[in-house]
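# Chain and residue survey
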Amino acid sequence: MWKWLHPYAKTERLYQLSSTLLPWFSIAALLLLISGCVWGLMFAPADYQQGDAARIMYIHVPSAILSMSTYAAMAIAALIGIVWQIRTADMAVAAIAPTGAMVTFVALFTGAAWGKPMWGTWWVWDARLTSELILLFMYLGVIALYNAFEDKQQAGRAAGILALVGVINLPIIHYSVEWWNTLHQGASITKLSKPSIDPAMLWPLLINLLGFACLIASLSLAALKNEIIRREKHRPWVQQLVSDI
Amino acid sequence: MNPRRKKRLFALSAIITIIAMAVGLMLYALNQNIDLFYTPSEILKGKNGQKPQPGQRLKIGGMVVVGSVQRHPETLDVSFKLTDTGPEVTVQYHGLLPDLFREGQGIVATGVLQSASVIKADEVLAKHDEEYMPPEVAEAVKGIKHVKPEQAGAY
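Residues numbered from 1 in each chain as written. Chains lettered and ligands numbered in written order. Predicted model: local features only at pLDDT ≥ 70, side-chain atom pairs only at ≥ 80, totals over all residues. Heavy atoms only, no water.

Right, let's talk about the overall build of chain B for a bit. Along the backbone of chain B there are four helices and six strands. In sequence order, the secondary structure elements of chain B are arranged as α-α-α-β-β-β-β-β-β-α. Against the globule reference of 15 Å for 155 residues, chain B gives a C-alpha radius of gyration of 23 Å, more extended than a compact globule. The buried share of chain B, taken over its 155 residues, is 35%. Nonlocal contacts in chain B, meaning residues at least 24 apart in sequence, comprise 48% of its contacts between residues at least 6 apart. When the accessible surface of chain B is split by element, carbon and sulfur atoms take 56% of a total near 9,600 Å². Of the charged side chains in chain B, 18 are positive and 16 negative; the average position of the first set lies 17 Å away from that of the second. (Helix = DSSP H or I, 4+ residues; strand = E, 2+ residues; numbered from the N terminus. Rg over C-alpha atoms; globule rule 2.2 N^0.38 Å. Buried < 20%, exposed > 50% of the residue type's maximum accessible area, 1.4 Å probe, protein only. Contact = heavy atoms within 4.5 Å. Areas by Shrake-Rupley, 256 points an atom, 1.4 Å probe, with all protein chains shown as cover. Lys, Arg positive; Asp, Glu negative; His and termini not counted. Charge placed at Lys NZ, Arg CZ, Asp CG, Glu CD.)

Printed below as a string of structure tokens:
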């Protein structure tokens, strides 16, 4: 059933696949982000309560949602790397972690910038904000652990276990606003009932969500290509590749 | 799946289950401390059998009771009542209120409990809900007329 995935355990095939996919994701990310941001920041209506300040959600909401999805993707790669001992999966963990850390930082930063005018504070130690900060530290921990080992096979296993343990944080982030009293409001989109955002504001938000997803995919693919080259630099196919340039 | 992979998968699930249980128990034990604020009924009736004592520093979160905001004409002193479902708690504050502060709005205040139902706050934060809509829709759905600050008359 999973036979079609097996070739990508080979670094050379994965490198070729990444090179093929990268331009498509980059172009899609560029187009979606430009249209989503222009629509959201200039043409979508302002919020009835928060006015124009609510427009920061077109950056904040996609980055916050995808910081968690990116972590889930990294954890799946870590699981494959540990259980099936596939080296390319470990490389994927190392490639996704910095991208995820960046997205999490964007979510925290835009959240703080939104919190100051609306709530009246940059930061408050409520459950949602704290658990999102822990997510950033999990990403940084995975990056640090992976780079701490000289032997990359050990590095992949150690970072992978840390990445998998951090999965516990994901449901905590999502349900923090329901389990505890928080200053952060409840979920607007990621819930089973109808989104509580007006369609005129929801559409640019969804476009930006897709655009951010493509951006994360293309950044991770570029990082994956680098990681493959870095770890396979003594292989004949890499040296062939270099001499071709 | 070959036995070695099965063993690794099993060991990994065991580690994660144990840590998930540990984190779960920890969060359960810390449950009342993770809540950002007390609600007005928790201040008056107690939470898990414990009533906050006067002199205690705490956070309170609730809705500003419509018609309860009293501003001092010459200073920045303001007092208002907060409620959640029934009981009301008075909050006294000196300073600038956040832009979103208005009657009927959810807010979180930090301060010291003076008596059973009076809090002297040193910080007031506004809380907003997860609903976003253009002003025209809000007017139609909720009957809220939003007026831009520059068009609003002076109080």
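Here the narrative resumes.
Another point: the layout of surface pockets. Remark: the empty space left among the atoms is shown by a probe the size of a water molecule rolled over them. All names here are of chain A. Quantified by volume, the second largest pocket comes out at close to 1,100 Å³. Together, 32 residues line the second largest pocket, and L5, A77, I80, A89 and A92 are the ones closest to its centre. Mapped by element, the contributors of at least two residues to the lining of the second largest pocket are α1 (11–43), α2 (57–83), α3 (87–118) and α7 (199–231). The leading source of residues in the lining of the second largest pocket is α2, at seven residues. Of the residues assigned to the lining of the second largest pocket, the class counts are 25 nonpolar, six polar and one charged. (1 Å grid on protein atoms, 1.4 Å probe; cavity = no way out; pocket = protein on both sides within 12 Å on 5 of 7 lines; lining within 4 Å. Points joined across faces, edges and corners; volume = space filled by probe spheres on them. Nonpolar A, V, L, I, M, F, W, Y, C, P; charged D, E, K, R; others polar.)

The relation between two aromatic rings is expressed through the spacing of the ring centres and the mutual angle of the planes. Residue and element names in this part refer to chain A. For the coordinates displayed, the defined rule picks out eight aromatic pairs over all chains. Relative to Y139, the ring of Y71 lies with its centre 5.2 Å away and its plane at 70°, an arrangement referred to as edge-to-face. Linking Y71 in helix α2 with Y139 in helix α4 (residues 127–148), this pair joins segments that are 68 residues apart in sequence. By relative accessible area, Y71 is classed as buried at 0%. Residue class for Y139 comes out buried when judged on its relative accessible area of 0%. (Phe/Tyr/Trp six-rings, centres within 6.5 Å; stacked < 30°, edge-to-face > 60°.)

What follows deals with the UniProt feature "transmembrane region" (unreviewed entry) in chain A. Residues and elements named next belong to chain A. Residues annotated by UniProt as "transmembrane region" (unreviewed entry) correspond here to residues 21–44, 64–84, 91–113, 133–149, 161–180 and 200–224. Annotated as 96% helix and 0% strand, the span residues 21–44 places its first and last C-alpha atoms 32 Å apart. Taken end to end, residues 200–224 is 100% helix and 0% strand, and its first and last C-alpha atoms sit 37 Å apart. (UniProt positions renumbered as here; feature names shortened; annotations may be inferred.)

Time to look at the confidence of the model for chain B. Counting all residues, the mean pLDDT for chain B is 83, and 90% of those residues have values of 70 or more. Listed scores for the predicted complex are pTM 0.87 and ipTM 0.77. (pLDDT = per-residue confidence, 0-100.)

The subject of this paragraph is the state of the cysteines. All names here are of chain A. Under the counting rule described, the total for this entry stands at zero disulfides over all chains. Summary of cysteine pairing: C214 is not part of a disulfide, and the nearest cysteine sulfur, belonging to C37, is at 13 Å. Classification of C214 by relative accessible area gives buried; the value is 12%. (Disulfide = S-S within 2.5 Å.)

So, about empty space enclosed by the protein. Residues and elements named next belong to chain A. Counted by the stated rule, this structure contains one cavity of 30 Å³ or more. The calculated volume of the largest cavity comes to roughly 90 Å³. For the largest cavity, the full set of lining residues is G81, I82, Q85, I86, R87, D90, Q153 and R157. Residue assignment for the lining of the largest cavity shows that the elements contributing at least two residues are α2, α3 and α5 (152–165). In terms of residue class, the lining of the largest cavity is built from two nonpolar, three polar and three charged.

This paragraph deals with the UniProt feature "domain: Cytochrome c assembly protein" (unreviewed entry) in chain A. What UniProt calls "domain: Cytochrome c assembly protein" (unreviewed entry) maps, in this numbering, to residues 6–184 of chain A. Within the segment residues 6–184 of chain A, helix and strand shares are 78% and 0% respectively, and the terminal C-alpha atoms sit 44 Å apart.

Quick look at the pairing of strand β1 (residues 57–64) of chain B now. Summarising the sheet, β1(B) and strand β5 (residues 106–115) of chain B pair through seven bridges and their orientation is antiparallel. Its bridge partner lying in β5(B), B:L58 is registered against B:G111. (Pairing = 2+ DSSP bridges.)

To continue, consider the pairing of strand β4 (residues 88–94) of chain B. Residues and elements named next belong to chain B. Residues V89, V91 and Y93 line the buried face of β4, whereas the alternating positions E88, T90, Q92 and H94 sit on a face that is not buried. As judged from the seven bridges shared by strand β3 (residues 77–83) and β4, these two strands associate in the antiparallel manner. Looking across to β4, one finds that S79 is bridged to Q92. The turn linking β3 back onto β4 is made up of four residues. Judged from the four bridges that link them, β4 and strand β6 (residues 118–127) form a sheet pairing that is parallel. Paired with V91 across the two strands is I119, which belongs to β6.

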